[in-house]
Amino acid sequence: MAFCRDDLTRHAHGVTLAPVMHKDEAVTAQDIAPPMAPPMALALDLARAAAAAEEVPVGAVLVNGQTGEIIAADHNRVEETLDPTAHAEILVIRAASEKLGAKRLVGLDLYVTLEPCPMCAGAISIARLRKVVFGAFDPKSGGVLHGPRDYDQPTCHHRPEVVGGMG
């Protein structure tokens, strides 16, 4: 389940996320991320949580591009859900769409630890995200700057700003 802004709770040391399941025990985001962490730092912490849960270690955070407010955050959950589309990017897009009641997420920025695959790149385009910032390049399975380079195709309806290699 993706975290939404409504799931955030205040603590004495800042803001933490609702609990994340870690194998057979609950781990709070306070255990994996410093309070008020920048979006990429939070995405990296979520990727570590994914690895601990025996998922491909990818974390994603969707933020309001103007205010920096975290709208949704999650990590890959393919193994947990037995859903091959449960990539972190797809999960945060779904959570944000539900939270905001909109299929177009104009003005939102995605921070993700790995270059999105072609499936996620397509979803990012369809959702009309403003910007994609990713940490590691993925020459084998990437779909943004490697592989099919989705946003370079003439059939691409929306091309977000892309910043790659940020960590």
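Note that the structure is predicted; figures quoted are calculated from it, not measured.

Calculation criteria
Residues numbered from 1 in each chain as written. Predicted model: local features only at pLDDT ≥ 70, side-chain atom pairs only at ≥ 80, totals over all residues. Heavy atoms only, no water. Axes fitted to C-alpha atoms, helices over the stretch in contact; angles between N-to-C directions. Helix = DSSP H or I, 4+ residues; strand = E, 2+ residues; numbered from the N terminus. Parallel < 35°, antiparallel > 145°, perpendicular 65-115°, else oblique. Left-handed = near helix turned anticlockwise from the far one by under 90°. Contact = heavy atoms within 4.5 Å. Buried < 20%, exposed > 50% of the residue type's maximum accessible area, 1.4 Å probe, protein only. Pairing = 2+ DSSP bridges. Right-handed = clockwise from strand over helix to strand, strands pointing away. Salt bridge = Lys/Arg side-chain N within 4 Å of Asp/Glu carboxyl O. pLDDT = per-residue confidence, 0-100. Core = buried A, V, L, I, M, F, W, Y, C linked by side-chain atoms within 4.5 Å.

**Student:** Before we go on, may I ask you to explain the packing of helix H4 (residues 88-100) against helix H5 (residues 118-127) in this structure?
**Tutor:** Where H4 meets H5, the axes come as close as 9 Å, and the angle between the chain directions of the two elements is 25 degrees. Considering the angle they form, H4 stands roughly parallel to H5. Remark: the crossing between H4 and H5 carries left-handed chirality. Facing Glu89, Ile90 and Ile93 of H4, the residues of H5 in contact are Met119, Cys120, Ala123, Ile124 and Ala127.

**Student:** Explain unusual backbone geometry here, please?
**Tutor:** The phi angle of most residues is negative, glycine excepted, and most peptide bonds adopt the trans form. Backbone geometry at Arg128 places phi at a positive 65 degrees, although glycine is not the residue there. Looking at the element boundaries, Arg128 is found in the loop between H5 and strand S9 (131-136). For Arg149, which is not glycine, the phi torsion reads 45 degrees and is therefore positive. On the basis of relative accessibility, which here comes to 41%, the residue Arg149 falls in the partly exposed class.

**Student:** Would you take a moment to explain the pairing of strand S8 (residues 108-114) for this structure?
**Tutor:** The side chains of a regular strand alternate between the sheet's two faces. Most of S8 sits out of view: six of its seven residues are buried. Examined bridge by bridge, strand S6 (residues 59-64) and S8 share five bridges and lie antiparallel to one another. The partner of Val61 across the bridge, within S8, is Tyr111. Examined bridge by bridge, S8 and S9 share five bridges and lie parallel to one another. By the bridge assignment for S9, Tyr111 is matched with Val133. With H5 bridging S8 and the parallel S9, this β-α-β connection has right-handed handedness.

**Student:** Honestly, the pattern of salt bridges in this entry has me stumped. Any pointers?
**Tutor:** Two side chains bearing opposite charge may form a pair once their charged atoms approach each other closely. Under the counting rule described, the total for this entry stands at five salt bridges. The shortest N-O distance in the salt bridge between Asp45 and Arg48 comes to 2.6 Å. Separated by three residues within a single helix, Asp45 and Arg48 lie in helix H2 (residues 39-52), roughly one turn from each other. Here Asp74 and Arg77 are joined by a salt bridge, their closest N and O atoms 2.7 Å apart. Taken together, the shared-partner salt bridges connect Asp74, Arg77 and Glu80 into one network.

**Student:** Please explain the confidence of the model for the protein as it appears in this structure.
**Tutor:** Interpretation of this model should avoid reading the predicted coordinates in detail wherever pLDDT is low. For the protein, the mean per-residue pLDDT works out to 84, and 77% of the residues sit at or above 70. Contacts from residues 3-36, a stretch scored under 50 in pLDDT, to residues over four places away or in other chains number 57 contacts.

**Student:** Would you mind going over the side chain of Asp74 with me for this structure?
**Tutor:** On the secondary structure map, Asp74 appears in strand S7 (residues 70-75). The exposure class assigned to Asp74 is buried, which follows from its relative accessible area of 0%.

**Student:** Can you help me understand the nonpolar core in this one?
**Tutor:** The tendency in soluble globular proteins is for nonpolar side chains to be buried as a group. In terms of nonpolar packing, the biggest core is built from 27 residues, with Leu62, Ile93, Leu105, Leu108, Leu110, Ile124 and Leu129 touching the most fellow members. Elements represented by at least two residues in this core include exactly S6, S7, H4, S8, H5 and S9. Here the element with the most residues in this core is H4; it accounts for six residues. Leu108 has contacts with Leu62, Val63, Asn64, Gly65, Ile71, Ala96, Leu100, Leu129, Arg130 and Lys131, leaving out every residue within four places of it along the chain. Ranked by size, the runner-up nonpolar core spans nine residues in total, among them Met40, Val63, Ala73 and Val133.

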